[in-house]
Amino acid sequence: MTVLVLAHFAVALCAAPLVRRAGPRAFVVLALPPAAALGWALCQWDVVTGGGARGESWTWIEAYDVDVAFRLDALGLLMVLLAAGVGALVLLYCVSYFAPGTRQLGPFGGNLLAFAGAMLGLVLADDLMILYLFWELTTVLSFLLIGYDSEKRASRRSALQALMVTSVGGLAMFVGFLMLGQLAGTYRISRILEAPPAASGTLSAALVLILAGALAKSAIWPLSMWLPNAMAAPTPVSAYLHAAAMVKAGVYLVARLAPAFADVAPWRPVLLTLGTATMLLGGWRALRLNDLKLVLAYGTVSQLGFLIVLAGDGTYNTGLAAASMILGHALFKAPLFLVTGIVDHATGTRDLRRLSGVGRSLPWVCAVAAAAAASMVALVPMLGFVAKEAAFDALLHGTVAERWVLALIVVGSALTTAYTLRFLWGAFARKPGVPDTPVHRVGPAFLAPPALLAVGCLLLGPGVGWVADLFEAYAAQYTAPAHPYHLALWHGFGAALWLSALAWAGGIALFLGRDAVVRAGQMLAWPKADEWFGRTVLGLERTALQVTGSVQKGSLPAYVATVLGVMLAGLLAVLATDRPWHGVPAPRAWDTPWQAAVGALTCACALMCLAVQRRMKAAVLAGLTGYGTALLYVVQGAPDLALTQFGVETVSTVVLILVMRRLPVMFGETLRSWRRTAAFLLAFGGAAAIACAVWLAAGARTADPAGAAMTEETAHHGLKDVVATILVDFRAWDTMGESAVLAVAVLGVTSLLYVHRRQGPAPGPPPALPGGVTAWSLASRAIRVPDEFLQTAPERSWLTAGDTLAPEHRSVVFEVIARLVFHPILMLSVYLLLCAENLPGGGFVGGLVAGVALMIRYLAGGRHELAAAAPVHPGFFTGLGLALSTGVALLGLADGTVLHAWTWHGHLPLIGDWHMGTAILFDLGVYLLVLGVVLDVIRALGSKIDQHTEYRAGLALAADGAGEGTR
């Protein structure tokens, strides 16, 4: 089963090149996986109909008892017949439906086949979490299929509406699954059905949430508005997703859980009420529409309500009727959708007011539609008749509530007859005063898929005994009555037949008086659910805009105050309610006097930040608080943390200063006294609350510290540095994730800084600036040096690009220092990388130190110097680092475990004994990644800004020169 599901996705990945090579004929290849699934399911027929089941599973998340488990039983086999059989025919139908060269046909075919695979996985899943995974996968793929023609606003809106309704219902269902799994003690569906949890308020709440997802998926009122709008999708999508597959998922889930939970409140009242209402409202709405697909769409909504009633009633006879009606509905509704596509393809319209005489032009198409329609209105000898008789008989012999439901279903069946006749009349009849519609020829390959489905309706009526064992195998999960119902084509002239006759007569009457029905429908029409949905979404958007506009004011102090205020309120609420300070050891002022001295200096720097008016001073003082924190680590005996803090603070301070070059020198905003007081109170309150929370968290430890065990484990591997070993060995997964997040965040931020404007490119490159003029020269007025003091000999350049700076902005001392310390700093970074196993260091701090060396080169020589020092693009280092770390992680699979560590030992002349492990290689990847991130930041906030400044200055210089020339 796993192979069959994965085969769908594997072939779907090849859909685009297949379609590019073979055109629509590639859909023949795409139909092979569902055809194989259908053949496999038929091979299991004897086992399943005999009451057995096929299953396979393997553990996925052992700690949470989540298994990738599949199981084929009677209901699963029935749904596989629909998902695979109808899916294969729909894919074959696409060969004739789409013309060669159709836009985006490859992705469409891949999405459609992937949906078939997701639907197959959904109906075979024997674990609630796996079922939810495939459930949401069908939601996403249906969004892509409905929005296939993304250039049309209606398609985009319909796809988004379907996604919103079904995904919100799916999230509610997910919560219900979690509650049900916890109550049952397992997430395996078969085990839950064998031993369901006892009825309780929690179980009822879980079932309501699960039903919310099922009803949203199957378009049950009041969540039915998305299905008619989904008709914006191509006809193959409507025939498959909205007749045989996706909308059946909710019905399937109800039928799957009903044997265990039908008697738990409020299961049966909710499903019977909403299902009956959906059948009546959908059928009534279908009587006043003029688009053939919309008539079928609302008819589908109506039939889904009927199916929900049968599947949710929870008795043997209704379960038998539900199983037969699920198959019957797919066999008559899918071909009607496919026939609608043929009519649209042959005539160019689906408007029944414009169609006339199509039945005479396309007699075989009309015959196929008539056969499928006969099954939909439950005429003898169609499968629809057999299923409808079983449903009427089951409800007729039920409780009083079920008989009331039966009365309403008879009315719904009359509506079904009426809109079916309206469909046939509108699509194929010759209408007075309307000229015959020109029709293109329809090939036999185009008609074959719907014809096969319609023939199935015809054959399985008299031959219902062929599939009765499958339906009875599903119904056997319920308690069988003393005289169970048996499926047969003819049960004589009983009450069920007379009810069917009453429905036929009522439907014919409604069709004959269709003009009066349309007028009455327009007079009695309620506001459309789609309109309410649109108003609701628009209201939410406006409310969100108002709330966002009132909160997001563009003021950084306001944002910081909001964050601090929410944090302070939350901490104070927890402290006031829980009072967690009981039994917590009292805090110590300090361990050594050095801590007090460093802490006092750090606090002094922080307080001075509040009083300064220059931005640069504030940046430097803020950096000093970080260095003070690093000194506290040194005093406490944590050199690894201190090294990292020193590196991070150095890089952060330089980056902050580079950013501030674009800001005014002074803080422009002058705070009023009350705002300053409020800021002080909020800042000190937040600091006190955080300090209290840290103290309580540290004092609340109940478990033994893990430090001793980690030290012992590190020593066992011949290492000394516990911190580095934790980062690159014990918790290497965390390090990989954090590294990836760091890379993505920095790449995203730096990319957003330089998104090209939409005005288009400049007309041409600006003239070059005068020699020695750079962005630094433009920052202040140039210094005029008298000619008598000019040097006769050229100044020596200590750096590669030092002479690109204007003389007044060069610092020989700084250039000499940069020249002397650059290579030692790089060697230091490599040393910190290689010694991390036994001494303080590591790839992260090593990458930061290497980045500091590049920062010095940039600050000493400008952007040209940085380009000379690092001619490689930062993305190369970032990508190489991620690739190396990931490669080391996957290398462990050679021994069966991801991130398995190896160590190599050897002896080198002059060097002596050496050893190297995969942890070093992993840390090297971190080193390269951090180096790439720092280099990217320097280039974005340093050299790129300089380049843009010089570019604008060149444009201004060119404009001035052009002005002087005209004068």
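Only a predicted model underlies this, so the values are computations on that prediction, with no experimental measurement involved.

(A) Molecular detail of the overall build of the chain. Counting its secondary structure elements, the chain contains 39 helices and four strands. Each principal axis of the C-alpha atoms in the chain carries an extent, and together these give about 120 × 85 × 70 Å. Out of the 967 residues in the chain, the part that is buried amounts to 47%. Counting only contacts in the chain whose residues sit at least 6 apart along the sequence, the fraction spanning at least 24 positions is 79%. Accessible area for the chain stands at about 46500 Å²; split by element, carbon and sulfur atoms hold 67% of it. For the chain, the separation between the mean place of its 62 positive charges and that of its 55 negative charges on side chains is 14 Å.

(B) Up close: a nonpolar patch on the surface. Taken together, the side chains of Trp-904, Leu-908, Leu-910, Ile-911, Trp-914 and Met-916 present a nonpolar region at the surface, about 650 Å² in accessible area. Of all elements in the fold, only strand S3 (903-908) and strand S4 (912-917) reach the threshold of two or more residues within the nonpolar patch. Tracing the backbone shows Trp-914 in strand S4. The class of Trp-914 is partly exposed, set by a relative accessible area of 33%.

(C) Summary view of the side chain of Ser-158. For Ser-158, the position within the fold is in helix H9 (residues 153-184). Among all residues touching Ser-158, those that are not within four sequence positions of it are Ile-146, Asn-229, Ala-230 and Ala-232.

(D) Fine view of the pattern of salt bridges. Applying the stated criterion across every chain yields a total of ten salt bridges. A salt bridge links Arg-350 to Asp-291; the nearest nitrogen and oxygen atoms lie 3.1 Å apart. Of this pair, Arg-350 sits in the loop between helix H17 (316-347) and helix H18 (358-361) while Asp-291 sits in the loop between helix H15 (267-286) and helix H16 (292-313), and the two are 59 residues apart along the sequence. Here Arg-350 ties to Asp-344 by a salt bridge, and the two come within 3.3 Å at their closest N and O atoms. Overall, the relative accessible area of 22% leaves Arg-350 in the partly exposed class. Each of Arg-71, Asp-73 and Arg-256 takes part in salt bridges that share partners, so that together they form one network.

(E) Examining the pairing of strand S2 (residues 66-72) more closely. Summarising burial for S2: six of the seven residues are buried, a large majority. As paired elements, strand S1 (residues 54-61) and S2 share seven bridges and run antiparallel to each other. Directly across from Trp-58, in S2, lies its bridge partner Val-68.

(F) Main features of the side chain of Lys-248. Among the secondary structure elements, Lys-248 is positioned in helix H14 (residues 246-261). The buried charged residue Lys-248 lacks any salt bridge partner; its closest oppositely charged side chain belongs to Asp-73, at an N-O distance of 17 Å. Engagement of the side chain of Lys-248 in a polar contact is seen with the side chain of His-329, the distance being 2.7 Å. Beyond its immediate chain neighbours, meaning those up to four positions away, Lys-248 contacts Met-79, Ser-218, Ala-243, Leu-307, Ile-326, His-329 and Ala-330.

(G) View of the pairing of S4. Sheet topology note: the S3/S4 ladder contains six bridges and is antiparallel. Each residue of the ladder has a partner; that of Trp-904, found in S4, is Met-916. Where S3 folds back on S4, the antiparallel hairpin that results is connected by three residues, among which Leu-910 adopts a positive phi of roughly 70°.

(H) Inspection of the confidence of the model for the chain at higher detail. Predicted confidence across the chain gives a mean pLDDT of 82, with 92% of residues reaching 70 or more. In the model, residues 756-763 has pLDDT below 50 throughout and makes one contact with residues more than four positions away in sequence or in other chains. Taken as a whole, residues 789-794 scores under 50 in pLDDT and shows one contact with residues more than four places along the chain or in a different chain.

(I) Layout of the nonpolar core. The biggest cluster of nonpolar side chains holds 198 residues, and the ones touching the most others in it are Phe-108, Tyr-240, Phe-261 and Trp-267. Ranked by residue count, the leading element in this core is H17, at 19 residues. Each residue touching Phe-108, except ones within four places of it in the same chain, is listed here: Phe-27, Cys-94, Phe-98, Leu-145, Tyr-148, Pro-234 and Val-237. Counting 46 residues, the second largest nonpolar core, distinct from the first, contains Val-655, Ala-850, Val-888 and Phe-922.

(J) Up close: helix H23 (residues 465-475). For H23, the complete set of buried residues consists of Val-467, Ala-468, Leu-470, Phe-471, Ala-473, Tyr-474 and Ala-475. Buried residues belonging to H23 abut helix H5 (45-49), helix H6 (74-97), H14 and H17.

(K) Examining unusual backbone geometry more closely. With an omega dihedral of 0°, the bond running from Ala-265 to Pro-266 counts as a cis peptide bond. Between Val-380 and Pro-381 the backbone carries a cis peptide bond, its omega angle lying at 5°. Summarising the element assignment, Pro-381 is placed in the loop between helix H19 (363-376) and helix H20 (383-396). The backbone of Gln-104 sits at a positive phi, close to 55°, despite the residue not being glycine. As for its position among the elements, Gln-104 is in the loop between H6 and helix H7 (105-124). One non-glycine residue with positive phi stands out, namely Ala-219, at about 55°. With respect to the secondary-structure elements, Ala-219 resides in the loop between helix H11 (201-217) and helix H12 (226-229).

(L) Local environment of the packing of aromatic side chains. Taken as a whole and judged by the stated rule, the model has 14 aromatic pairs. Centroid distance Phe-115 to Tyr-240: 5.8 Å. Interplanar angle 80°. Geometry classified as edge-to-face. Linking Phe-115 in helix H7 with Tyr-240 in helix H13 (residues 235-241), this pair joins segments that are 125 residues apart in sequence. On the basis of relative accessibility, which here comes to 1%, the residue Tyr-240 falls in the buried class. Connected via pairs of aromatic rings, a cluster forms that spans Phe-27, Tyr-93, Tyr-97, Phe-98, Phe-108 and Phe-446. In this arrangement the basic side chain of Lys-431 is found over the ring face of Trp-425, its NZ or CZ atom lying 5.0 Å from the centre. Over the ring of Phe-822 we find Arg-857, and its NZ or CZ is 4.5 Å from the ring centre.

(M) Quick look at the environment of Arg-71. Note that Arg-71 resides in strand S2. Sequence separation between Arg-71 and Val-898 is 827 residues, and the spatial gap between their C-alpha atoms is 30 Å. Apart from residues lying up to four places away in sequence, Arg-71 is in contact with Met-1, Ala-53, Arg-54, Gly-55, Val-123, Leu-124, Asp-126 and Ser-190. At 3.3 Å, the side chain of Arg-71 forms a polar contact with the side chain of Asp-73.

(N) Local environment of the packing of H7 against helix H8 (residues 128-146). In contact at an axis separation of 9 Å, H7 and H8 are set at 155° when each is read in the N-to-C sense. Here H7 is positioned roughly antiparallel relative to H8, judged by the angle of their axes. Here the hand of the crossing between H7 and H8 comes out left-handed. Of the residues in H8, those in contact with Phe-108, Asn-111, Leu-112, Ala-114, Phe-115, Gly-117, Ala-118, Met-119, Gly-121 and Leu-122 of H7 are Leu-131, Phe-134, Trp-135, Leu-137, Thr-138, Leu-141, Ser-142, Leu-144 and Leu-145.

(O) Quick look at the environment of Val-620. You can see Val-620 is positioned in helix H29 (residues 615-636). Linking Val-620 and Ala-630, residues ten residues apart in sequence, is a C-alpha distance of 15 Å.

(P) Expanded view of helix H38 (residues 874-891). Taking 1.5 Å per residue as the helical rise, H38 with its 18 residues ought to reach 26 Å, and the 26 Å between its terminal C-alpha atoms agrees with that figure. Among the residues of H38, those classed as buried are Pro-874, Phe-877, Thr-878, Gly-881, Ser-885, Val-888 and Ala-889. Seen along its axis, H38 keeps its buried residues to an arc of 105°; they face one direction.

(Q) Molecular detail of the environment of Arg-188. You can see Arg-188 is positioned in the loop between H9 and helix H10 (189-194). Considering only alpha carbons, one finds Arg-188 and Glu-402, 214 residues apart in sequence, at a separation of 32 Å. Excluding residues within four positions of it along the chain, Arg-188 makes contact with Ser-57, Asp-67, Ala-69, Asp-126 and Asp-127. Here Asp-126 takes part through its side chain, which lies 3.3 Å from a polar atom of the side chain of Arg-188.

(R) Expanded view of the state of the cysteines. The final tally for this structure, using the stated rule, is zero disulfides. Counting only cysteine sulfurs, Cys-605 is the nearest neighbor of Cys-603, a cysteine outside any disulfide, at a range of 9.4 Å. Residue Cys-603 is classed as partly exposed on the basis of its relative accessible area, which comes to 48%.

The rules behind the values
Residues numbered from 1 in each chain as written. Predicted model: local features only at pLDDT ≥ 70, side-chain atom pairs only at ≥ 80, totals over all residues. Heavy atoms only, no water. Helix = DSSP H or I, 4+ residues; strand = E, 2+ residues; numbered from the N terminus. Buried < 20%, exposed > 50% of the residue type's maximum accessible area, 1.4 Å probe, protein only. Contact = heavy atoms within 4.5 Å. Areas by Shrake-Rupley, 256 points an atom, 1.4 Å probe, with all protein chains shown as cover. Lys, Arg positive; Asp, Glu negative; His and termini not counted. Charge placed at Lys NZ, Arg CZ, Asp CG, Glu CD. Patch = residues over 30% accessible without salt bridge, like charges linked within 9 Å, V, L, I, M, F, W, Y side chains within 5 Å. Salt bridge = Lys/Arg side-chain N within 4 Å of Asp/Glu carboxyl O. Pairing = 2+ DSSP bridges. Polar contact = N/O pair within 3.5 Å; in protein donor to acceptor, adjacent residues only side chain to side chain. pLDDT = per-residue confidence, 0-100. Core = buried A, V, L, I, M, F, W, Y, C linked by side-chain atoms within 4.5 Å. Phe/Tyr/Trp six-rings, centres within 6.5 Å; stacked < 30°, edge-to-face > 60°. Lys NZ or Arg CZ within 6 Å of the ring centre and 35° of its normal. Axes fitted to C-alpha atoms, helices over the stretch in contact; angles between N-to-C directions. Parallel < 35°, antiparallel > 145°, perpendicular 65-115°, else oblique. Left-handed = near helix turned anticlockwise from the far one by under 90°. Expected span 1.5 Å × (residues − 1). Arc of directions from axis to C-beta. Disulfide = S-S within 2.5 Å.

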